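One letter stands for each residue in the lines below.
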Amino acid sequence: MKRRRLLTNVALGAATSTALVACNQTNNSPNVQANELPNVRWRMVTSWPKSLDTIFGGAQTVCDRVREMSGGRFTLEPYAAGEIVPGLEVLDAVQNGTVQCGHTASYYYVGKNPALAFGTSMPFGLTAQQQNSWLYHGGGLEAMHQLYSDFNVINFPAGNTGAQMGGWFKREIKSLKELNGLKMRIPGLGGEVMSRLGVNVQVLPGGEIFLALDRGAIDAAEWVGPYDDEKLGLNKAAPFYYYPGWWEPGATLEVQVNKSQWDKLPKEYQEIFKTAAMESNLNMLSKYEALNRQAMQRLVDGGTKMVPYPTEILQAAEKAAFELYEQNASKNATFRQIYEQWNQFRQQISQWNRINELSFANFMANERQA
């Protein structure tokens, strides 16, 4: 509660200060006094069903905090997938102005440009903390803003699931060759990597996964982690739960905003919006970590078999992933520009984290086994 009050006070203080400076200045937003900010009503579509309270909750957090910090003058109404547009068409709806903003994952739209995957997560890429570091302080968000300018969209991180699980399988997979012909729901570049390993890749929104897996339309499916996967009932459709989710070691969700609508907002509302998105980003990650530890135990107690991916599969997937990156970089100048910067950051922060975090984690893991 104290943290929420602090964020509110900081945002309001920044908004008021900006308003006083802006009183006698002309910009591309309405020229208003601090106490005369306009009433603005926006709609926010999402890629999530409301039943997934944590991931949909990321959108809800942004909406709630914007309303609270603006004193009710700026409001956003969140809509579940399918209420206005299908869950995988959020970017299109924002780009063409059907709605002002949306909460989604950028890697759903790699068909438009493969570089969009960097905004969410890359196979064998950055952890959640590393991803935040790259986005906020490593040039990542600036790179994504430049990419999204081609779509008349501006994006802000607004949620992170943490390292995900590796998916539910109806039968055990013991070798690389057993992936051949397997039908699996998996989006983004992770799906492209799996395709290179022989998997028949399917892309389905969250609300459709259970029925497809339960009825045998697909043989395997990945979603997020224990808490959300249990909510979808995936443990009732398949017994084997694989780890790690090497394609999403720190998946960022984001708010996409129509750039023309963004530019019309008073500066004060823009700052409030960005603060709300950052709060959602940090809050979702913390919440998932707390909920997943409990859900994992329930799944195990209920008979779910936790299975690590064979080393053979992990090695083949990593090799295929970086071959894919190099191929995309050779064909797409935008991908190459972001990839080279991202990869340099990845290598450097991995060196640091091997010293400060991995050494500690390995020691503690060995201590518990002793």
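Residues numbered from 1 in each chain as written. Predicted model: local features only at pLDDT ≥ 70, side-chain atom pairs only at ≥ 80, totals over all residues. Heavy atoms only, no water.

Undergrad: Looking at this model, I keep getting lost on the overall build of the chain. Mind explaining?
TA: Scanning the chain from terminus to terminus reveals 12 helices and 11 strands. Radius of gyration (C-alpha) of the chain: 21 Å, near the 21 Å computed for a compact globule of 370 residues. Along the three orthogonal principal directions, the C-alpha set of the chain runs to about 70 × 45 × 45 Å. Relative to its 370 residues, the chain shows a buried fraction of 54%. Taking the intrachain contacts of the chain between residues at least 6 apart in sequence as the baseline, contacts between residues at least 24 apart amount to 78%. Carbon and sulfur atoms provide 49% of the accessible area of the chain, an area that totals close to 16500 Å². The averaged location of the 35 negative side-chain charges in the chain is 3 Å from the averaged location of its 35 positive side-chain charges. (Helix = DSSP H or I, 4+ residues; strand = E, 2+ residues; numbered from the N terminus. Rg over C-alpha atoms; globule rule 2.2 N^0.38 Å. Buried < 20%, exposed > 50% of the residue type's maximum accessible area, 1.4 Å probe, protein only. Contact = heavy atoms within 4.5 Å. Areas by Shrake-Rupley, 256 points an atom, 1.4 Å probe, with all protein chains shown as cover. Lys, Arg positive; Asp, Glu negative; His and termini not counted. Charge placed at Lys NZ, Arg CZ, Asp CG, Glu CD.)

Undergrad: Sorry, what's going on with the environment of Ser-330 here?
TA: Inspection of the secondary structure assignment puts Ser-330 in helix H11 (residues 311–331). Ser-330 sits 35 residues away from Ala-365 along the chain, and the two C-alpha atoms are 41 Å apart.

Undergrad: What's the story with the nonpolar core in this structure? I'm lost.
TA: Within soluble globular proteins, side chains that are nonpolar generally end up buried alongside one another. Counting residues in each nonpolar core, the largest one holds 84 residues, and the members touching the most others are Phe-118, Met-184 and Met-194. The leading source of residues in this core is H11, at 9 residues. The contact partners of Met-194, leaving out residues within four places of it in the chain, are Leu-179, Met-184, Ile-186, Val-199, Val-201, Trp-246, Trp-247 and Tyr-309. Core analysis: the second largest hydrophobic core is formed by 24 residues, Val-62, Val-66, Phe-74 and Val-255 among them. (Core = buried A, V, L, I, M, F, W, Y, C linked by side-chain atoms within 4.5 Å.)

Undergrad: Honestly, the layout of surface pockets in this entry has me stumped. Any pointers?
TA: Gaps between atoms show up when a probe of the same size as a water molecule is rolled over them. Within this model, the largest pocket holds a volume of roughly 900 Å³. Residue lining of the largest pocket: 29 residues in total, with Thr-127, Ala-163, Gln-164, Pro-244 and Pro-249 positioned closest to the centre. Looking at the lining of the largest pocket, the elements with two or more residues in it are helix H4 (128–137), helix H10 (267–301), H11 and helix H12 (333–369). Taken together, the residues of the lining of the largest pocket sort by class into 13 nonpolar, 11 polar and 5 charged. (1 Å grid on protein atoms, 1.4 Å probe; cavity = no way out; pocket = protein on both sides within 12 Å on 5 of 7 lines; lining within 4 Å. Points joined across faces, edges and corners; volume = space filled by probe spheres on them. Nonpolar A, V, L, I, M, F, W, Y, C, P; charged D, E, K, R; others polar.)

Undergrad: Can you help me understand the sheet that holds strand E4 (residues 153–160) in this one?
TA: Sheets are built from strands paired through backbone hydrogen bonds, the pairs being either parallel or antiparallel. One open sheet accounts for 5 strands, arranged E2-E1-E3-E10-E4; its pairing is mixed. Of all the strands in the sheet, the pair left with one neighbour each is strand E2 (74–79) and E4. Strand-to-strand twist across the sheet, computed as the mean angle between neighbouring axes with direction ignored, equals 25°. Both strand E1 (residues 40–46) and E2 contribute to a ladder of 6 bridges, which runs parallel. Bridge pairing in E2 places Trp-42 opposite Leu-76. Packed on one face of the sheet, H4 meets E4 and strand E10 (252–258) and runs near 155° to E4. (Pairing = 2+ DSSP bridges. Axes fitted to C-alpha atoms, helices over the stretch in contact; angles between N-to-C directions.)

Undergrad: Even after reading the chapter, I still don't get the packing of aromatic side chains, so can you show me in this structure?
TA: Geometrically, a pair of aromatic rings is defined through the distance of the ring centres and the angle of the planes. Inspection of the entire model under this criterion finds 28 aromatic pairs. Aromatic ring contacts, followed pair by pair, group Phe-118, Trp-134, Phe-322, Tyr-325, Phe-335, Tyr-339 and Trp-342 into a single cluster. (Phe/Tyr/Trp six-rings, centres within 6.5 Å; stacked < 30°, edge-to-face > 60°.)

Undergrad: When you look at the pattern of salt bridges in this model, what are you seeing that I'm missing?
TA: Opposite charge on two side chains permits pairing when their charged atoms draw close. All chains considered together, the criterion is met by 14 salt bridges. Of the charged contacts in the structure, one is a salt bridge between Lys-50 and Glu-83, with a shortest N-O distance of 3.7 Å. Within this pair, whereas Lys-50 is found in the loop between E1 and helix H2 (53–69), its partner Glu-83 is found in the loop between E2 and helix H3 (90–95), the two being separated by 33 residues in sequence. Relative accessible area serves as the criterion here: at 46%, Lys-50 is assigned to the partly exposed category. By relative accessible area, which is 45% here, Glu-83 ends up partly exposed. (Salt bridge = Lys/Arg side-chain N within 4 Å of Asp/Glu carboxyl O.)

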